[in-house]
Amino acid sequence: MVQVVQTSLPTTSSSLLDGLNPPQREAVLHRGPALLIVAGAGSGKTRVLTHRIASLLETREAWPSQVLAITFTNKAAGEMRERVRQLVGHASDGMWISTFHSACVRILRREAEVFGYASGFTIYDSGDTRALLKRIIKEHEADVLGFSVANAGARISKLKNELVDAETFSREVNLADPKEAMFLTIFREYTRTLQAANAFDFDDLIAQTVYLFRAFPHVAEPYRRRFRHILVDEYQDTNHAQYALIRELTKPAQNLPGASLTVVGDSDQSIYAFRGADIRNIVEFEQDFPQARVVLLEQNYRSTQTILDAANAVIANNFDRKPKNLFTADGPGAKITGFTGYSGHDEAQFVADEIEQLHRDGTEYREVAVFYRTNAQTRALEEILIRSAVPYRILGGTKFYERAEIKDAMAYLISVANPADALAVRRILNTPKRGIGPATETQLASFAERNGITFRAALRHAKEIGFGPKVAKAITDLSDLLDEATAMTAPPEPDMAPIPVFDVLKLLMQKSGYIDVLRASRDPQDEARMENVEELLAVTKEFQRNNPDGQLIDFLTETALVAAADELDDSSGTVSLMTLHTAKGLEFKAVFLTGIEEDLLPHRMSANEPGGAAEERRLFYVGITRARERLYLSLAMTRNSYGETSVSAPSRFLAEVPADLIEWRQSPGMTGPGAGGRVAGSLAWGSSSASGAGAAAERPKADWGANRVTGRVRDNGDLELAPGDRIRHDDFGEGRVSAVTGVAAKRIAEVQFDTAGRKRLLIKVAPITKL
DNA sequence: CATCCCCTTGTTTTT
DNA sequence: CAAGGGGATG
């Protein structure tokens, strides 16, 4: 096919192509309806995408406003915007560079009225969804049929990602099956409640946008006309709803061909099947878009060849994939370090010690990351990192916005922004305690239902319902407070500027008595809660600084859509801990992959599912390819879970890493007789590990025997230590203090142990005694 | 209506 | 081992 368009346009300047390899250049320069960039890990895809956008602008093929770029996380979006700005200056401001979810919220807020929603809708997070489902399941006693919040929620989510809503489902369901009938009831009620609350859950954001475009073509039309160039990153992780959205947006508009679509992805990094990601979206891209061009990026600019060799060898075990081989022009680099601990704590101690070694050798803490398969594994790591005085940060996990006090504060704001949201109002009804119990709540709810008004509105009628004077006053006070806050956000005079979110939240927290209750409490945990509320206030201030015109609803949108990886602060001088899933798209100089054991990686829940093991292998692959220079693989012989210690076995994936790439500090084969007793027999290895075990056997056993670590935590109060003091450590034996740094609770002793080497210990919590 | 205590229950990843 | 629910008590 002749690309007439291309030759008639000015060409992209050489500066945009400088330093790009031939396939990268092709990916920047190709013009046509559809382009698939198969980008292996670390192959410079962000560079290609940003240069492609800059090229489109430079040749005047596109206005900034015609560009829609979709990334996986807000952090990635911010990064891309920044890099585009460096290339084209403030022209980047007019582009939409965001996640699927943010883009859809933006569209929905604009168009909500078209299909019966108000623009101030609430976004329900997984916690809200859980609470709602819990209530519905309890109400219908659905638990006796085997329904749980988890399984019902997962199923609803799955259906929504397939664009099946409750009514569509009702047409295909077999009502003779009581379980199916019950599920339909749950699904319907869940949908109905969300609708009544003027709320969308995460899945709705995508699915409802698709529905909106399909049901109201005149709404879709302006978006189709506007976005002429659509670019989607991490395409391998799109689900059906997201795919459908892209299809809707790339449909021809009146007198206009469909937008040009560029997708970037790597099917070897598809790790979100559980969330509905459909690997077929990328595998069948060429059938979907018959005129598609495919460009392959295989040269890696991130990792050493050793790391790439390991990654290539592991992923080669997945069948039905297109062969792909990552390579680098840089050297082989250091070998991969392997370590087998006796326990999760022992493994964690290895990680802590090794991080300290890296740090002494000049690697900054923020260049180091520790990955794991499940959040539960953070416990042991945290304990030891604290004790070893290694500064760290956990991404994801119990997130800031999931803490009860933060959810409370947010519920106050939501009650103001979206009075239809009964869940939010009910949450704050008796928080802080004002003597309004479940009975009162039920009465309010039924009053609202009888009179066809919202729960929020029912609060204004407390006197008519006939509560006692105390209860009625409590309700009226709350209602008045919410009214006062509402008036602040939506001033009666149109030319008056709305009051900043900070002041609204402060008013709500003060007048509701929330802050007073926390302050008066003797519970030490409430002190932390107080600090969290203050931190949230600081967040609102920061928000106002970044968005001078930002409304309450914008603040709520932003906070509802923060992802784990968004929290990563590159300037922080701390080690990053995160799950393998969160690690996608990131890179670090040194990476620790922990818990490389059967039942953990691959996880036992997915090992038996069809395609499960392959996806877990991709997860391992993603982890490996995050490392630039140093990669560590560790596992433990025993692991504590649910109060019990169980024996674990090395992951099948470990044997897929060529043995000559790993230098075992302590291999699974070595943790045998004398150390782990009978356990060793169950850890028998394939032949591939034999040489690894041999190489590491040079180290004296006593050395790592001293590294066995227990999981107790203690408090030494203000034990005084000075250089020269002799101490005894429960795990490391005796040693001499060589230095003391830090102050108060953060004093750190550097100790030269007689057998266990040099360690840094947080004096307050380390299991030590002065001799 | 609030608080305390016992019991059950659950074991993956998340926008 | 944890958190969360349910029941009994103040």
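As the structure is a computational prediction, the values presented were derived from the model and not from experiment.

Moving on to the overall build of chain A. A count of helical and extended segments in chain A gives 34 helices and 22 strands. Burial status across chain A gives 53% buried among its 771 residues. Contacts in chain A between residues at least 24 apart in sequence constitute 73% of all its contacts with a sequence separation of at least 6. Accessible surface, chain A: about 34300 Å² in total, of which carbon and sulfur atoms supply 52%.

On to the protein's contact with DNA strand C. The environment of DNA strand C is made up of Lys134, Lys138, Arg379, Tyr642 and Gly643. For DNA strand C, the backbone makes up 80% of the atoms found within 4 Å of the protein, where backbone means sugar plus phosphate. A distance of 2.3 Å is found between a phosphate oxygen of DNA strand C and a side-chain nitrogen or oxygen belonging to lysine 134. In the model, a phosphate oxygen of DNA strand C is placed 2.7 Å from a nitrogen or oxygen of the arginine 379 side chain. Grouping the amino acids of the surface near DNA strand C by side-chain chemistry returns one nonpolar, one polar and three charged.

Attention now moves to the UniProt feature "binding site: ATP" (unreviewed entry) in chain A. When the UniProt feature table is mapped onto this chain numbering, "binding site: ATP" (unreviewed entry) sits at Ala39, Gly40, Ala41, Gly42, Ser43, Gly44, Lys45 and Thr46. On the secondary structure map, glycine 40 appears in the loop between strand E1 (34–39) and helix H4 (45–58). Given a relative accessible area of 3%, glycine 40 falls into the buried group. In this structure glycine 40 touches Asp266, Gln269, Leu297, Lys324 and Leu326, once residues within four positions along its chain are discounted. Mapping threonine 46 onto the fold places it in helix H4.

Looking now at the pattern of salt bridges. Summed over all chains, the structure comprises 47 salt bridges. A salt bridge links glutamate 167 to arginine 188, with the nearest nitrogen and oxygen atoms 3.1 Å apart. Separated by 21 residues along the polypeptide, glutamate 167 in helix H9 (residues 166–172) and arginine 188 in helix H10 (residues 178–196) bring together distant segments of the chain. With a relative accessible area of 37%, arginine 188 lands in the partly exposed category. Aspartate 754 is paired through a salt bridge with arginine 726; the nearest N and O atoms lie 2.8 Å apart. One end of the pair, aspartate 754, is in the loop between strand E20 (748–753) and strand E21 (757–762); the other, arginine 726, is in strand E18 (residues 726–729), and 28 residues separate them in sequence. Among the residues examined, aspartate 754 registers a relative accessible area of 49% and is labelled partly exposed. Residue class for arginine 726 comes out partly exposed when judged on its relative accessible area of 25%.

Our focus in this paragraph is the packing of aromatic side chains. What the rule picks out here adds up to 22 aromatic pairs. Ring plane angle 65 degrees and centroid distance 6.2 Å describe the contact between phenylalanine 350 and tyrosine 632, whose orientation is recorded as edge-to-face. Of this pair, phenylalanine 350 sits in helix H17 (residues 344–360) while tyrosine 632 is found in strand E14 (residues 627–636), placing the two residues 282 residues apart along the sequence. Each member of the pair, phenylalanine 350 together with tyrosine 632, is buried. Cluster of aromatic residues (ring-pair linked, three or more members): Phe115, Tyr117, Phe121, Phe200 and Tyr211. Residue placement shows arginine 155 over the ring face of phenylalanine 183; its charged tip is 4.1 Å from the ring centre. In this structure, lysine 541 packs its charged tip against the face of phenylalanine 502, placed 4.0 Å from the ring centre.

With 21 residues, helix H24 (residues 469–489) extends 30 Å from end C-alpha to end C-alpha; this agrees with the ideal 30 Å at 1.5 Å per step. All of the buried residues along H24 are Val471, Ala472, Ala474, Ile475, Leu478, Ser479, Leu481, Leu482, Ala485, Met488 and Thr489.

Taking strand neighbours across the sheet as the criterion, the five strands line up as E21-E20-E19-E18-E22 in an open arrangement whose pairing is antiparallel. Of all strands in the sheet, those bounded by a partner on one side alone are E21 and strand E22 (768–770). On average, adjacent strands in this sheet sit at an angle of 35 degrees to one another, irrespective of strand direction. In this sheet, E21 lies alongside E20 in antiparallel orientation, the contact comprising six bridges. Among the inter-strand pairings, glutamate 750 is bridged to a residue of E21, identified as arginine 760.

Around DNA strand B, 26 residues are found, and the nearest of them are Arg373, Asn375, Gly437, Thr579 and Tyr642. Backbone atoms, meaning sugar plus phosphate, form 54% of the atoms of DNA strand B positioned within 4 Å of the protein. Interatomic distance of 3.4 Å between a side-chain N/O atom of histidine 101 and a base oxygen of DNA strand B. Within the backbone of asparagine 375, a nitrogen or oxygen atom sits 2.8 Å from a phosphate oxygen of DNA strand B. Residue assignment for the surface near DNA strand B shows that the elements contributing at least two residues are helix H21 (438–451) and helix H29 (580–583). Taken together, the residues of the surface near DNA strand B sort by class into ten nonpolar, eleven polar and five charged.

A separate point is the sheet that holds E14. Taken in spatial order, the seven strands of this open sheet run E11-E12-E10-E13-E14-E9-E17, and their pairing is parallel. Among the strands making up the open sheet, the edge pair consists of strand E11 (392–394) and strand E17 (662–666). Direction aside, the axes of adjacent strands within the sheet are offset by 20 degrees on average. Looking at chain direction, strand E9 (residues 336–341) and E14 are connected through five bridges and run parallel. Residue pairing in the sheet places threonine 337 in a bridge with tyrosine 632 of E14.

Procedures and definitions
Residues numbered from 1 in each chain as written. Chains lettered and ligands numbered in written order. Predicted model: local features only at pLDDT ≥ 70, side-chain atom pairs only at ≥ 80, totals over all residues. Heavy atoms only, no water. Helix = DSSP H or I, 4+ residues; strand = E, 2+ residues; numbered from the N terminus. Buried < 20%, exposed > 50% of the residue type's maximum accessible area, 1.4 Å probe, protein only. Contact = heavy atoms within 4.5 Å. Areas by Shrake-Rupley, 256 points an atom, 1.4 Å probe, with all protein chains shown as cover. Near = heavy atom within 4 Å. Polar contact = N/O pair within 3.5 Å; in protein donor to acceptor, adjacent residues only side chain to side chain. Nonpolar A, V, L, I, M, F, W, Y, C, P; charged D, E, K, R; others polar. UniProt positions renumbered as here; feature names shortened; annotations may be inferred. Salt bridge = Lys/Arg side-chain N within 4 Å of Asp/Glu carboxyl O. Phe/Tyr/Trp six-rings, centres within 6.5 Å; stacked < 30°, edge-to-face > 60°. Lys NZ or Arg CZ within 6 Å of the ring centre and 35° of its normal. Expected span 1.5 Å × (residues − 1). Pairing = 2+ DSSP bridges. Axes fitted to C-alpha atoms, helices over the stretch in contact; angles between N-to-C directions.

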